Amino acid sequence: MASLDAVKKTIGQLRVEINHHNYRYYVLDSPKISDTEYDRLIRKLKRLEDQYPQFLTPDSPTQRIGAAPVEAFGVIEHLWPLLSLGNVFSKEELLAWYTRTTKLLGGAQFNFVGEHKIDGLAVALTYVNGQLATGATRGDGLHGEDITQNLRTIRSIPFSISGEVPPRFEVRGEVFLPRAGFTKLNQERAAEGQPLFANPRNAAAGSIRQLDPRITARRPLDIYIYMLGYAENKTTPETHWETMEYLKSLGFKVNPNNRRLTGIEQVVEYYRTWEKERESLRYEADGIVVKVNQLNLQKRLGDIGREPRWAIAYKFPAVQGTTRLLKIGISVGRTGTFNPYAVLEPVSVGGVTIKQATLHNEDDIRRKDIRIGDTVIVQRAGEVIPEVIGPVKSQRRGGEREFSLLEEVFNKEKGQPVCPVCGDEVVKPEGEVMYYCANTACPTQAQQRIEHFVSRRAMDIRGIGENLSALLHEKGLVRDAADLYYLKDKQEQLLGLEKMAKKSVTNILNAIEQSKDRPLSRVIFALGIRHIGEETAETLAREFHSLDELAETSREQLISILTIGPKIADSITAFFRQAENRDIIERLRKAKVRLAEKAAKAKVRTLSGVEFVLTGTLNTFPRQEAEAKIKALGGTTGKNVTQKTTYLVVGVDPGSKLTKAQHMGTKILNETELLILLGNKR
Ligand code: IVH
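Quick summary incoming for the structure in this document. (Residues numbered from 1 in each chain as written. Predicted model: local features only at pLDDT ≥ 70, side-chain atom pairs only at ≥ 80, totals over all residues. Heavy atoms only, no water.)

Structural notes on the site of the ligand
Next, step 1: By nearness alone, 15 residues border the ligand, and Glu115, His116, Ile118, Glu174 and Lys291 come closest of all.
Next, step 2: Contact between the ligand and Ile118: a nitrogen atom at 3.1 Å from a main-chain N or O atom of the residue.
Next, step 3: The side chain of Glu174 places a nitrogen or oxygen atom 2.4 Å from an oxygen atom of the ligand.
Next, step 4: Relative to its unbound accessible surface of 520 Å², the ligand loses 90% to contact with the protein.
Next, step 5: Of the residues forming the shell around the ligand, the biggest block, four residues, is contributed by strand 3 (residues 112–118).
Next, step 6: Residues belonging to the shell around the ligand are distributed by class as follows: eight nonpolar, two polar and five charged. (Near = heavy atom within 4 Å. Polar contact = N/O pair within 3.5 Å; in protein donor to acceptor, adjacent residues only side chain to side chain. Areas by Shrake-Rupley, 256 points an atom, 1.4 Å probe, with all protein chains shown as cover. Helix = DSSP H or I, 4+ residues; strand = E, 2+ residues; numbered from the N terminus. Nonpolar A, V, L, I, M, F, W, Y, C, P; charged D, E, K, R; others polar.)

Things to note about the sheet that holds strand 4 (residues 121–128)
Next, step 1: With antiparallel pairing, the four strands of this open sheet are ordered in space as 5-4-7-8. Two strands in the sheet have a free side with no partner beyond their single neighbour: strand 5 (131–137) and strand 8 (222–231). Ignoring strand direction, the axes of neighbouring strands in this sheet form an average angle of 25°.
Next, step 2: As paired elements, strand 4 and strand 5 share six bridges and run antiparallel to each other. Paired with Thr126 across the bridge in strand 5 is Thr134.
Next, step 3: Packed onto the sheet, helix 6 (residues 200–208) meets strand 4 and strand 7 (168–176) and runs at close to 40° relative to strand 4.
Next, step 4: Against the sheet, helix 8 (residues 240–250) touches strand 7 and strand 8, its axis set at about 115° to strand 8. (Pairing = 2+ DSSP bridges. Axes fitted to C-alpha atoms, helices over the stretch in contact; angles between N-to-C directions. Contact = heavy atoms within 4.5 Å.)

Here we look at the sheet that holds strand 13 (residues 311–315)
Next, step 1: Ordered by their spatial adjacency, five strands build an open sheet running 2-13-10-3-9, and the pairing between neighbours is mixed. The sheet terminates laterally at strand 2 (87–88) and strand 9 (259–261), the two strands that pair on one side only.
Next, step 2: Relative to strand 10 (residues 285–292), strand 3 is paired through seven bridges, and the arrangement is antiparallel. Paired with Ile118 across the strands is Ala285, a residue of strand 10.
Next, step 3: Sheet strands touched by helix 3 (residues 91–104): strand 2, strand 3, strand 10 and strand 13. Its angle to strand 13, the strand with the most contacts, is close to 170°.
Next, step 4: Sheet strands touched by helix 8: strand 3, strand 9 and strand 10. Its angle to strand 3, the strand with the most contacts, is close to 60°.

Section: the pattern of salt bridges
Next, step 1: Under the criterion given, the structure shown has 37 salt bridges.
Next, step 2: Glu49 serves as the salt-bridge partner of Arg15, at 2.7 Å between the closest nitrogen and oxygen. Here Arg15 is found in helix 1 (residues 4–27), whereas its partner Glu49 is found in helix 2 (residues 35–51), with 34 residues between them in sequence.
Next, step 3: Overall, Glu49 belongs to the buried group, its relative accessible area being 1%.
Next, step 4: Of the charged contacts in the structure, one is a salt bridge between Arg462 and Asp460, with a shortest N-O distance of 2.7 Å.
Next, step 5: Exposure remark for Arg462: the relative accessible area of 44% places this residue in the partly exposed category.
Next, step 6: On the accessibility criterion, Asp460 (16% relative accessible area) is buried.
Next, step 7: Linked by salt bridges that have partners in common, Asp369, Arg371, Asp374, Lys393 and Arg396 make up one network. (Salt bridge = Lys/Arg side-chain N within 4 Å of Asp/Glu carboxyl O. Buried < 20%, exposed > 50% of the residue type's maximum accessible area, 1.4 Å probe, protein only.)

Focus on the side chain of Arg278
Next, step 1: With respect to the secondary-structure elements, Arg278 resides in the loop between helix 9 (263–277) and strand 10.
Next, step 2: Despite its burial, Arg278 remains without a salt bridge, the nearest opposite charge being carried by Glu279 at 4.7 Å.
Next, step 3: Ignoring sequence-local partners within four residues, the contact set of Arg278 consists of Arg179, Tyr283, Ala285, Phe316, Pro317 and Val319. (Lys, Arg positive; Asp, Glu negative; His and termini not counted.)

Structure follows, in structure tokens:
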């Protein structure tokens, strides 16, 4: 057996290595190693930490998965109020701000920093002794919500800062959901029949204010730090720009699009550039922020009310336009949903011609009172698909017509509404807003199910995209997902397809072969069961370990799982009742697609061998409770700091134990860190 010292050393080295790669990937956006290699390092570290829990620390890169849920957020008082910004909407208004600022500064020389105004939400992060201690929302500016556990899941937020740093400091920045992550999240929610987020900002806010940090951990949130709020015992640089450079050097993520600007004309130029280019950004920006660069001048300018006088937001015009709604069409989605979409008189919105836009569902159309023939407002957000915001009622001329989905798909011969694609029956499950095609063999559905099955987040079969899945389905080579695994017997036909060279056939067949070993959660997700998105699929895989076990589970057993409601339970049982689906699963099994977890459930990690000593008052729970939790997980607690002590937990007003621990080099935890250690032990 390796000596404990050697293990500890390896763990330490792995962490340094992983943290470095984390930084390259999440902060610099320039990874040096492949995802697989990175995963291998993480797995290695996790294995060691599982085996030697005494070396598990809250700042380990494995601790990004989210702690246990809380019932409500605590309140954090900001060290310094979080201000908002004044807005200007035109060059004239900007120049007026500039003139005022110049006057107030009485001839002092200054320049600016131009930044993007990111549409996310403001957070304040405090670091104590180089460790991330708390993270809070803006709240009312004076008090925010304690969202530390959620912010800890954002990989571009460093857990610890090495080197010479102020003993206590606070940075502020904007948490946001990149466009790609937003689109993906909404697609997932649509598949699960959950309400969609209106824009990335709402999605980011919804994700960060989750009481269950494990959900936050699955959302690809990111951050840009935009100011140093406070720093104890530090002579801060003289300008905002240098401050940002300093924060960058500490490992914080700062927007690479920030620019130093001289003179207001350069500010206008910066604005114009980004107004044109904003769509190309990986995040949504609703304007630029102009900041006076010299910090002493910022101080001199001060604030009025809640707004600083040294900065201003120059907003971009909304990417909206108005046009006529010519018709409402209906497309059929993968799970058979009827999705109404707007057919528009082509209109250019922010440089892009829009002919179609989404209308979500019938309830939404009714709520917004959108009628066919209306002049409507269309908006292009970060998404690819533009949306209809609402009608311009003042422009109604009387000929507009209300939309009814059932009337639209009504078939006179059959005397009932039918699916516009296959002509089968229409159903609307109770309590849902969507209508569905009852026929699971409906051609567009079948084709989209295959497309979903091979997609990146499902079985990840590279080389088969939208077009090829459509073609394979159309030619009858792949009628359902299971058929993919029998394609190797149909190489001749594959080679006969247009643009299919020998090499691509080999590549595709290899990719199919490789997909046989995907984790169970992926398989469950890939099956395309209505309302089962990635998150639910993961829950199900965790609970059931095999597809057979899941298939045999009763509705009641399913509902007894915390995050599974009747709607999902019904959908799962209905799925496995259907003969076609059972047949697909059997053929997958025959083709040797893995339908169970590889290993038995991981052992519950314990704190055995870990000794805690507590000092000072804890905020979240009484000390006895903390001690009870530690013991429940197999840890021990001691009265005094000794050689045996693994951690000293420091609350408010710590006693002499702290000095002793510092002397002895005992690892010191703050309350948050203790919570993480306890919370992650599920
Ligand atoms: S500076 C006192 N810089 O905009 C200055 N804010 O409307 C305060 N925001 O609450 C903020 N991007 O959440 C600053 N580059 C940026 C920003 C930014 C987005 C947000 C921030 C603030 C809101 C004010």
